[in-house]
Amino acid sequence: MRSSHARALIRPLALAAAMTGIPLVTAVPAVAGGVVVGGFPIDVSQAPWTVALASRDRFGGTRAGQFCGGVAIARSLVLTAAHCLTEDALGAPPSRVRDLRIIAGRTDLLSGEGREIAVRDVRIDPSYEATTNSGDFAFVTLAGELPQSAVVAMAPADDPAYTPGTEAFVSGWGDTTGGGDYARRLRAARVHVLPDDSCARAYPGGPEGTYRAATMLCAGEVAGGPDGCQGDSGGPLVAGGRLIGLVSWGSGCGRPGRPGVYARVSEVAQALQSTPGATEGP
Ligand code: ARG
């Protein structure tokens with residue numbers, strides 16, 4: 001297991017638990033700050049493209065095995081973060097995780113709402129670099145189909161939704177406080193797309209990670225507050241009804257001057273949209 005500080009910053013919930021030996025699930029506090037830190041509860045119908053990646057075998061059943069987020073970009077294709085599906089994160093290659101699945105249409109992880117759909121195939125983007133987290137994309141082909149109403153469109157590179165100042169929403173079942181308080185019910189936080197500058201200054205390289213504007217997107221609030229957090233990785237950042245980012249990494253959660261870093265969806269949007277049969281996997 002790599003143990004550089006930079007790795008530590010981007011490790012998913014799963015790895016955090018493996019490293020500390022603490023069981024994955026902490027009781028959900030009565031009052032939680034945030035996704036998502038500084039967020040609010042939502043019903044999955046408000047962001048139906050938000051799915052949970054889960055394996056009860058690997059992560060236990062107390063939160064239905066949820067360990068990362070994902071987003072439906074076609075009826076049988078889910079986009080998530082590459083770092084969620086590495087051997088480091090899962091403790092085994094994804095093909096060996098027999099009960100790897102997505103959970104869709106479910107607000108409360110412990111309810112029977114929505115559907116659990118098995119994963120047929122996982123493909124890590126060839127440009128993914130584990131050391132920098134650049135190209136943090138993975139494509140998950142499902143064994144079944146989601147309703148078309150659950151699918152969100154990806155914003156192409158020239159979409160104004162990438163413009164700094166744009167209001168965006170991040171959603172997931174991640175840590176709500178930065179202290180390991182993983183949510184049982186889906187939450188969202190309202191953030192803004194920030195200029196690349198804000199992340200370049202926050203993450204110039206070295207222990208906190210390196211921001212690369214070509215493949216990453218910076219979002220949050222300058223003063224801190226609302227942000228994605230551990231366990232939200234791979235989940236959606238949506239602006240104006242279009243997907244612009246996937247939760248990727250950051251230094252802590254919601255800290256002033258340390259915005260959230262997202263995988264920039266325009267990097268894969270065009271390739272996917274121009275691939276015939278994208279629903280079969282890129
Ligand atoms: N790497 C984390 C995960 O795997 C996501 C961290 C996001 N952090 C942030 N401050 N936005 O769940």
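These figures come from a predicted structure and were not determined experimentally.

Focus on the overall build of the chain
- Helix and strand content of the chain: six helices and 14 strands.
- Scored against the burial criterion, the 282 residues of the chain give a buried share of 57%.
- Element-wise, carbon and sulfur atoms account for 53% of the exposed surface of the chain, whose accessible area totals about 10,900 Å².

Thoughts on the environment of G231
- When you line up the elements, G231 lands in the loop between β11 (216-220) and β12 (236-239).
- You can call G231 buried: its relative accessible area is 2%.
- Distance in space between the C-alpha atoms of G231 and G172 is 7.6 Å, their sequence separation being 59 residues.

Overview of the pattern of salt bridges
- Summed over the entire model, instances satisfying the criterion amount to eleven salt bridges.
- Here E145 and R75 are joined by a salt bridge, their closest N and O atoms 3.5 Å apart. With E145 in the loop between β7 (138-142) and β8 (153-154) and R75 in the loop between β3 (66-74) and β4 (77-80), this residue pair connects regions lying 70 residues apart in the sequence.
- A residue is classified by how much of its surface remains accessible, and R75, at 33% relative accessible area, is partly exposed.
- Across the salt bridge formed by R264 and D196, the nearest N and O atoms sit 3.1 Å from each other. Residue R264 is found in strand β14 (residues 260-264), and its partner D196 is found in helix α5 (residues 196-202); the two are separated by 68 residues along the sequence.

Some thoughts on the site of the ligand
- Near the ligand, the surroundings consist of 18 residues, among which H83, D227, G231, S233 and G252 are the closest.
- In the environment of the ligand, a nitrogen atom lies 3.2 Å from a nitrogen or oxygen atom belonging to the backbone of G228.
- Contact distances for the ligand include 3.1 Å between a nitrogen atom and a backbone N or O atom of S248.
- Placement of the ligand is best described as lying within the largest cavity.
- Of the residues forming the shell around the ligand, the biggest block, three residues, is contributed by strand β13 (residues 242-249).
- Across the shell around the ligand, the residue classes break down as six nonpolar, nine polar and three charged.

Section: the pairing of β7
- Where burial is concerned, most of β7 is hidden: five out of the five residues are buried.
- As paired strands, β4 and β7 are joined by four bridges and run antiparallel to one another. What sits directly across from V78, in β7, is V140.
- With five bridges joining them, strand β6 (residues 115-124) and β7 adopt antiparallel strand pairing. By the bridge assignment for β7, D121 is matched with T141.

A word on the state of the cysteines
- For the structure shown, the criterion picks out three disulfides.
- The disulfide partner of C199 is C218, and the S-S distance across this bridge is 2.0 Å. Torsion about the S-S bond of the C199 and C218 cystine: about 80°, corresponding to right-handed handedness. With a gap of 19 residues between them, C199 in helix α5 and C218 in strand β11 connect regions that are remote in the sequence.

Overview of unusual backbone geometry
- The residue A64 is not glycine, and still its phi comes out positive at about 60°.
- Structurally, A64 can be placed in the loop between α3 (56-59) and β3.
- Accessibility expressed as a relative area gives 2% for A64, which makes it buried.
- Phi is positive for N133, close to 70°, though the residue is something other than glycine.
- On the secondary structure map, N133 appears in the loop between β6 and β7.
- Overall, the relative accessible area of 1% leaves N133 in the buried class.

Details of empty space enclosed by the protein
- In this model, the largest cavity occupies a volume close to 120 Å³.
- Taken together, the elements giving at least two residues each to the lining of the largest cavity come down to β13 and β14.
- For the lining of the largest cavity, the class distribution of residues is seven nonpolar, seven polar and one charged.
- Reported here for the second largest cavity is a volume of approximately 50 Å³.
- Forming the boundary of the second largest cavity are 13 residues, of which G220, E221, R255, R258 and P259 lie nearest the centre.
- Here the lining of the second largest cavity is built from residues that sort into three nonpolar, six polar and four charged.

Criteria and thresholds
Residues numbered from 1 in each chain as written. Predicted model: local features only at pLDDT ≥ 70, side-chain atom pairs only at ≥ 80, totals over all residues. Heavy atoms only, no water. Helix = DSSP H or I, 4+ residues; strand = E, 2+ residues; numbered from the N terminus. Buried < 20%, exposed > 50% of the residue type's maximum accessible area, 1.4 Å probe, protein only. Areas by Shrake-Rupley, 256 points an atom, 1.4 Å probe, with all protein chains shown as cover. Salt bridge = Lys/Arg side-chain N within 4 Å of Asp/Glu carboxyl O. Near = heavy atom within 4 Å. Polar contact = N/O pair within 3.5 Å; in protein donor to acceptor, adjacent residues only side chain to side chain. 1 Å grid on protein atoms, 1.4 Å probe; cavity = no way out; pocket = protein on both sides within 12 Å on 5 of 7 lines; lining within 4 Å. Sits in = over half its atoms within 2 Å of the grid points. Nonpolar A, V, L, I, M, F, W, Y, C, P; charged D, E, K, R; others polar. Pairing = 2+ DSSP bridges. Disulfide = S-S within 2.5 Å. Points joined across faces, edges and corners; volume = space filled by probe spheres on them.

Read these as layout, nothing more, since geometry by itself doesn't imply function.
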